Amino acid sequence: MAKVAIVMGSDSDMPVMSKAADFLEEMGIDFEMTIISAHREPDIFFEWAKGAEERGVKVIIAGAGKAAHLPGMCAALFPMPVIGIPMKTSDLGGVDSLYSIVQMPSGVPVASVAINGGQNAGILAAQILASSDAELLQKLKAYRETMKDSVVEKAKKLDQVGYKNYK
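Cut-off values and rules
Residues numbered from 1 in each chain as written. Predicted model: local features only at pLDDT ≥ 70, side-chain atom pairs only at ≥ 80, totals over all residues. Heavy atoms only, no water. Salt bridge = Lys/Arg side-chain N within 4 Å of Asp/Glu carboxyl O. Helix = DSSP H or I, 4+ residues; strand = E, 2+ residues; numbered from the N terminus. Buried < 20%, exposed > 50% of the residue type's maximum accessible area, 1.4 Å probe, protein only. 1 Å grid on protein atoms, 1.4 Å probe; cavity = no way out; pocket = protein on both sides within 12 Å on 5 of 7 lines; lining within 4 Å. Points joined across faces, edges and corners; volume = space filled by probe spheres on them. Nonpolar A, V, L, I, M, F, W, Y, C, P; charged D, E, K, R; others polar. Phe/Tyr/Trp six-rings, centres within 6.5 Å; stacked < 30°, edge-to-face > 60°. Core = buried A, V, L, I, M, F, W, Y, C linked by side-chain atoms within 4.5 Å. Patch = residues over 30% accessible without salt bridge, like charges linked within 9 Å, V, L, I, M, F, W, Y side chains within 5 Å. Areas by Shrake-Rupley, 256 points an atom, 1.4 Å probe, with all protein chains shown as cover. Pairing = 2+ DSSP bridges.

**Q** Before we move on, could you go through the pattern of salt bridges and cite the residues and values that matter?
**A** One pass over the full model with this rule turns up five salt bridges. The salt bridge involving Glu-145 is made with Lys-148; its shortest N-O contact spans 3.4 Å. Of this pair, Glu-145 and Lys-148 both sit in helix α6 (residues 134-161), separated by three residues, roughly a single helical turn. A residue is classified by how much of its surface remains accessible, and Lys-148, at 48% relative accessible area, is partly exposed. Among the charged side chains, a network of salt bridges with common partners joins Lys-3, Glu-32 and Arg-55.

Here it is as structure tokens:
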């Protein structure tokens, strides 16, 4: 199966990025994960990003905060889809990261999920891969059905116990 690469600029991003990894693992999608700072070690970053296609990577998920250059730089060097995860920051709450990721110049797109949206990044990567993988598409359909069933069950519980006793 096609691979996804998950990259973050700092280990402080791990709680968010691990949600993407958890979803990919649940779907049986092979992935690699690393920490690379595009600003502090650009030579290592360039080698990693330029080599991703050769390693069999089909989608990159890149998480970054503040200036959030990592997803855009991945998109500049990697010819296939890049998904950016803007990280919540102490300075501006992640809006700075979001703007940096979504405001890419024409010709170098980066898809973006919500601030700290690790799980959605994993889901989006799986959806991209599922466009050419019928078995993965069936797993995603089953996942959606499970989500629907969960909401239906919660509504039934609310009807049965009332809002004051709902826990």
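There is more to say, and it comes next.
**Q** Describe in detail the layout of surface pockets, supporting the description with residues and values.
**A** Of the volumes computed, that of the largest pocket is approximately 360 Å³. Every residue lining the largest pocket is counted, 21 residues in all, and those nearest its centre are Gly-9, Ser-10, Arg-40, Ala-64 and Gly-65. Breaking the lining of the largest pocket down by element, the ones donating at least two residues are β3 (57-64) and α3 (69-77). Class assignment for the residues of the lining of the largest pocket results in seven nonpolar, 10 polar and four charged.

**Q** Go over the packing of aromatic side chains with me, naming the residues and quoting the values.
**A** The full count for this structure, using the stated rule, is two aromatic pairs. Note on Phe-45 and Phe-46: the rings are 5.9 Å apart at their centroids and 85° apart in plane angle, and the pair reads as edge-to-face. You can call Phe-45 buried: its relative accessible area is 0%. On the basis of relative accessibility, which here comes to 33%, the residue Phe-46 falls in the partly exposed class.

**Q** Describe in detail the nonpolar core, supporting the description with residues and values.
**A** Val-4, Ile-6, Ile-29, Ile-61 and Ile-85 are the most contacted members of the largest nonpolar core, which has 26 residues in total. Considering every element that reaches this core, the biggest residue donor is helix α1 (residues 14-27), with seven residues. In terms of nonpolar packing, the next biggest core, distinct from the first, is built from 20 residues, Phe-45, Ala-62, Ala-64 and Ala-68 among them.

**Q** Go over a nonpolar patch on the surface with me, naming the residues and quoting the values.
**A** Taken together, the side chains of Leu-158, Val-161, Tyr-163 and Tyr-166 make up a nonpolar region of the molecular surface, amounting to roughly 390 Å² of accessible area. Assignment of secondary structure puts Tyr-163 in the segment after α6.

**Q** Just give me the short version of the sheet that holds strand β4 (residues 82-86), but keep the residues and values in it.
**A** The sheet built from five strands is open, its strands ordered β2-β1-β3-β4-β5 with parallel pairing. Taken across any chain shown, the strands that pair with only one partner, and hence form the sheet edges, are β2 (31-35) and β5 (111-112). Sheet topology places strand β1 (residues 3-8) next to β3; six bridges connect them, and they run parallel. Looking at β3, one finds that Val-7 is bridged to Ala-62.

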